[in-house]
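# Coordinate analysis (summary)
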Amino acid sequence: MRTAGKCHGRTGVQLRRHSLQRPPASDEEFQRLTRARRKDMTHRQRNAGSVAIRSPPDTHSPLPASQSTYYTHYENWKSVTTISRPVPLLPWSIGMPDVDDVCLSFYNSVMCAVGVTVDDERFNPLRSTVMRLVFRTETAYYAVIMASAHYLRSVESRFELMEIQIRSRVLRGLRRALMKDNLDWEDLLVPTIFLCSSAISNGCDGCWVKHLACFQLIVKEMAHGHRKTPPVPQFFISYFSAHLVLAKSVFSIDDVLRVGEIPTSPTNHSSLVNSTNTERVSWTSTKDLAKVMPADTLHEIDMWNGYSGHMLLIINDILSLKHDAQALGHQSSDLSTPQLAVQEKHAAIADKITILEASLATTTQIIPVSLYKDRISAESRHGFRLLKSTSEAYRLAAYLLLSEAVSPRFLGYAPATTQSIEQLRDPAQRAQYVDRIFHLTKYVVSSVDHLPISWPLWPLFIASCCCSRDEETRTGALEIFRTAREKAPYENIPRAQTLVELLWKRRDIQTESDNSVRIGRFEWESAMESLGWQTSFA
């Protein structure tokens with residue numbers, strides 16, 4: 001209040017005058033502060049009594065380490081590269097050298113290289129899939145330019161206005177594509193992915209969730225067999241399925257995004273409606289989600305996500321226990337429900353837990369066979385080790401997630417003790433898995449100059465939420481977060497750290513009376529509610 005000059009007497013006047021004479025903050029600092037205040041103010045006004053916590057002290061510093069790291073990439077690229085167009089002049093190019101040449105060259109030379117663990121023309125989807133579509137669709141071209149300008153603005157402010165102007169072209173192209181009778185997935189998916197990624201890395205804007213409606217259409221159409229030709233490139237399936245499933249671990253995405261069936265053409269309308277009546281498609285169910293994944297490579301580690309499609313489906317099955325617990329809670333509270341039905345539901349949940357525990361113990365994630373053609377080089381072998389470390393971190397984090405889901409607070413009742421549940425509740429094994437995840441994540445973070453998209457943030461978050469109150473363990477987790485923030489400009493990293501620290505504080509001051517049952521809800525979900533971060537953090 002004093003800084004704003006809202007004080008009585010001469011003190012307030014003096015502070016107000018000095019505040020006007022202060023040197024202006026940098027563009028980036030002002031944007032970060034404005035976004036953070038605007039995003040969380042509404043929720044805090046609604047929940048005045050909720051727990052408040054500040055972001056880490058250096059989250060909004062004028063030049064955070066993540067900026068300086070990206071700045072180093074930019075300066076190195078500028079000093080050794082003669083900026084030239086990686087693609088020929090296209091009919092829809094903007095015609096401005098700073099936009100066309102610089103942005104395209106930066107995307108091709110820097111973003112494609114640092115975004116993935118193994119950079120190869122065949123396996124890097126940013127090159128093999130996205131750059132191919134730049135030649136074919138105007139909207140894809142603008143989306144790539146927008147994504148490049150989004151990162152370039154962190155090192156040169158002149159790209160900020162460019163990004164805003166190009167984003168408007170991307171949105172116009174996306175609207176035109178959605179208005180067509182026959183939806184063209186190439187026109188839809190490239191801009192949707194880059195709109196999502198820029199929203200997540202730019203203040204963790206929760207609007208990215210709405211863009212998953214495009215993926216909802218894909219799942220429903222492919223589950224009905226309407227999208228056999230041409231196939232949707234695997235990159236899009238990988239990106240959206242991972243965001244969908246992992247987001248479910250922090251909030252109920254079905255409640256947030258309720259989009260009805262949208263036919264792709266008038267001729268398909270009747271068949272789509274009829275098939276919906278006979279077989280309902282749930283775009284978040286494992287059964288229907290599996291239909292969009294290639295069965296022959298289900299156990300191979302996905303180059304983009306860092307874990308196999310099969311592991312993602314297991315995590316999705318674990319998260320289905322949220323719905324099972326909530327449905328059981330409604331049944332148990334309904335006096336008209338026969339006791340036998342409740343007992344059968346208990347048995348079904350116990351069987352699912354046993355199957356999931358066995359699946360996590362026996363599942364194998366393998367390096368894609370196609371990658372072994374280039375296994376000779378040291379760089380490729382290093383990439384393989386990073387992929388294996390990331391995939392194992394996800395497996396162990398899935399195990400911790402399952403152990404959280406079998407607690408009486410989550411299920412709403414104490415399940416009968418079985419061998420699987422005993423193993424899941426074993427505190428020594430949980431602590432071992434937490435330490436192993438920290439070790440694997442630290443190896444990935446310390447082994448690269450810039451974090452790829454697939455780095456194991458979700459396992460680090462789950463392990464941090466499940467770790468003990470030991471000060472040394474917590475310090476180790478925070479050190480990984482800090483190192484990660486120095487190597488990537490992703491704003492969900494400091495947000496994840498803030499949420500973990502809040503969860504620890506709540507546990508430290510929690511009394512026995514506060515240990516209330518939250519059926520079908522993880523402990524970190526209630527912490528996010530106090531910050532208003534459900535969709536934005538995910």
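Note that the structure is a prediction, hence the values are computed from the model and not measured. (Residues numbered from 1 in each chain as written. Predicted model: local features only at pLDDT ≥ 70, side-chain atom pairs only at ≥ 80, totals over all residues. Heavy atoms only, no water.)

## Focus on the overall build of the chain
Rule in force here: Each helix is a run of DSSP H or I of at least 4 residues and each strand a run of E of at least 2, with the numbering of both proceeding from the N terminus. Throughout this description, buried means an accessible area under 20% of the type-specific maximum (1.4 Å probe, protein chains only), exposed means over 50%, and partly exposed covers the range between. Here a residue-residue contact requires only that any non-hydrogen atoms of the pair lie within 4.5 Å. The protein chains shown are the only cover counted for residues, whose accessible areas, like all others here, come from Shrake-Rupley with a 1.4 Å probe.
Scanning the chain for helices and strands turns up 24 helices and zero strands. The buried share of the chain, reckoned over its 538 residues, is 52%. Within the chain, counting contacts between residues at least 6 apart in sequence, those at least 24 apart form 76% of the total. On the chain, roughly 25000 Å² of surface is accessible, and the fraction owed to carbon and sulfur atoms is 53%.

## So, helix α7 (residues 158-179)
To be explicit about the condition: Take the residue count of a helix, subtract one, and multiply by 1.5 Å to get its expected span. Read the arc as the range of directions from the helix axis to the C-beta atoms.
Spanning 22 residues, α7 covers 33 Å between terminal C-alpha atoms, matching the ideal 32 Å at 1.5 Å per step. Buried within α7 are the following residues: F159, M162, E163, I166, V170, G173, L174 and A177. The buried residues of α7 occupy an angular sector of 105° when the element is viewed end-on, so they sit on one face. Away from its buried face by more than 90 degrees, α7 exposes L161, I164, R175 and M179.

## A look at the confidence of the model for the chain
For clarity, the cut-off: As a per-residue measure, pLDDT tells how confident the predictor is, with possible values from 0 to 100.
Mean pLDDT over the chain stands at 78; residues scoring 70 or higher make up 75%. Across residues 10-27, confidence stays below pLDDT 50; counting only partners more than four residues off in sequence or on other chains, it has 11 contacts. Note that pLDDT drops below 50 for residues 262-278; the model gives that stretch 18 contacts with residues more than four away or on any other chain.

## Describing the packing of aromatic side chains
To be explicit about the condition: Pairing of aromatic side chains here covers Phe, Tyr and the six-membered ring of Trp, requires ring centres within 6.5 Å, and sorts the geometry by plane angle: under 30 degrees stacked, over 60 edge-to-face, intermediate tilted.
Tallied over the entire structure, the rule returns 12 aromatic pairs. When the centroid spacing of 5.6 Å and the interplanar angle of 20° are considered together, the rings of F215 and F240 count as stacked. With F215 in helix α9 (residues 212-223) and F240 in helix α10 (residues 234-248), the pair connects residues that are 25 residues apart, well separated along the chain. You'll find F215 and F240 in the same group, each marked buried. Residues Y394 and W458 carry aromatic rings whose centres are separated by 5.8 Å and whose planes lie at 10° to one another, so their mutual orientation is stacked. Taken together, the residues Y394 in helix α16 (residues 378-405) and W458 in helix α20 (residues 457-466) connect sequence positions 64 residues apart. Each member of the pair, Y394 together with W458, is buried. Taken together through their ring pairs, the aromatic side chains of F410, F461, F522 and W524 make up a single cluster.

## Regarding the nonpolar core
The line we're drawing: For the purposes of this section, nonpolar cores are sets of buried Ala, Val, Leu, Ile, Met, Phe, Trp, Tyr and Cys residues that join through side-chain atoms within 4.5 Å.
Within the largest apolar cluster, 150 residues are counted, with the highest numbers of intra-cluster contacts made by F215, W455, F461 and W524. Non-local contacts of W524, meaning those with residues more than four positions away in its chain, are made with S249, V250, L401, E404, F461, I462, C465, L499 and L503. Within the second largest apolar cluster, eight residues are counted, among which are F123, M303, I367 and L371.

## Some words on the environment of S370
By secondary structure assignment, the location of S370 is in the loop between α15 (339-362) and α16. Aside from chain neighbours lying at most four places away, what touches S370 is R122 and F123.

## Remarks on the pattern of salt bridges
Applied cut-off: Definition used for salt bridges: Asp or Glu carboxyl oxygen within 4 Å of a side-chain nitrogen of Lys or Arg.
Within the structure shown, the criterion is met by 16 salt bridges. Among the salt bridges present, the one from D288 reaches K291, with a minimum N-O distance of 3.6 Å. Exposure remark for K291: the relative accessible area of 35% places this residue in the partly exposed category. In this structure, D324 engages K352 in a salt bridge whose closest nitrogen and oxygen atoms are separated by 2.6 Å. In this pair, D324 is assigned in helix α14 (residues 309-333) and K352 in helix α15, connecting sequence segments 28 residues apart. Looking at D324, the relative accessible area reads 10%, which means it is buried. Linked through salt bridges whose partners overlap, the residues forming this network are K322, R518, R521, E525 and E529.

## What to know about the side chain of T390
Along the chain, the position of T390 falls in helix α16. Judged by relative accessible area, T390 falls into the buried class, the value being 3%. Aside from chain neighbours lying at most four places away, what touches T390 is G306, V444, S454 and P456.

## Examining the packing of α10 against α14
Note the threshold: Axes, fitted as lines to C-alpha atoms, cover a helix only where it is in contact. Angles between the N-to-C directions of the axes lie from 0 to 180 degrees. If you view the pair so one helix is near and one far, a crossing is left-handed when the near helix is turned anticlockwise from the far one by less than a right angle, and right-handed when it is turned clockwise. Gly falls in the polar group here, along with every residue not listed as nonpolar (Ala, Val, Leu, Ile, Met, Phe, Trp, Tyr, Cys, Pro) or charged (Asp, Glu, Lys, Arg).
Relative orientation of the contacting elements α10 and α14 amounts to 35°, with a least axis distance of 9 Å. Between α10 and α14 the crossing geometry is left-handed. In this structure, α10 contributes S241, A242, V245 and K248 to the contact, and α14 contributes L312, I315, N316, L319 and K322. Taken together, the residues of the contact of α10 with α14 sort by class into five nonpolar, two polar and two charged.

## Topic: α16
The end-to-end C-alpha separation of α16 is 41 Å, in line with the 40 Å expected for 28 residues at 1.5 Å each. Most of α16 is tucked away, with 21 of its 28 residues classed as buried.

## What to know about the environment of W455
By the element assignment, W455 lies in the loop between α19 (427-446) and α20. Residue class for W455 comes out buried when judged on its relative accessible area of 4%. Each C-alpha atom of the pair W455 and S391 lies 9.6 Å from the other, and the pair is 64 residues apart in sequence. Beyond its immediate sequence surroundings of up to four residues, W455 is in contact with Y394, T441, V444, V445, L460, A484, Y490 and I493.

## What to know about a positive patch on the surface
Stated precisely, the cut-off is as follows: The patch calculation keeps residues exceeding 30% relative accessible area without a salt bridge and links them within 9 Å when they carry like charges or within 5 Å when they are nonpolar (Val, Leu, Ile, Met, Phe, Trp, Tyr). Note that His is not counted, nor are the chain ends; the positive residues are Lys and Arg, and the negative ones are Asp and Glu. By convention, the point assigned to a charge is CZ for Arg, NZ for Lys, CD for Glu and CG for Asp.
Together, R169, R172, R175 and R176 give the surface a local cluster of positive charge. Assignment of secondary structure puts R175 in helix α7.

## Overview of the state of the cysteines
What counts is decided by this rule: Whenever a pair of cysteine sulfur atoms sits within 2.5 Å, that pair is classed as a disulfide.
For the structure on display, the rule yields zero disulfides. Note on C196: no disulfide assigned, nearest cysteine sulfur contributed by C207 at a separation of 7.8 Å. Owing to a relative accessible area of 1%, C196 belongs among the buried residues under this scheme. Free cysteine: C466, not disulfide-bonded; nearest cysteine sulfur from C465 at 6.4 Å.

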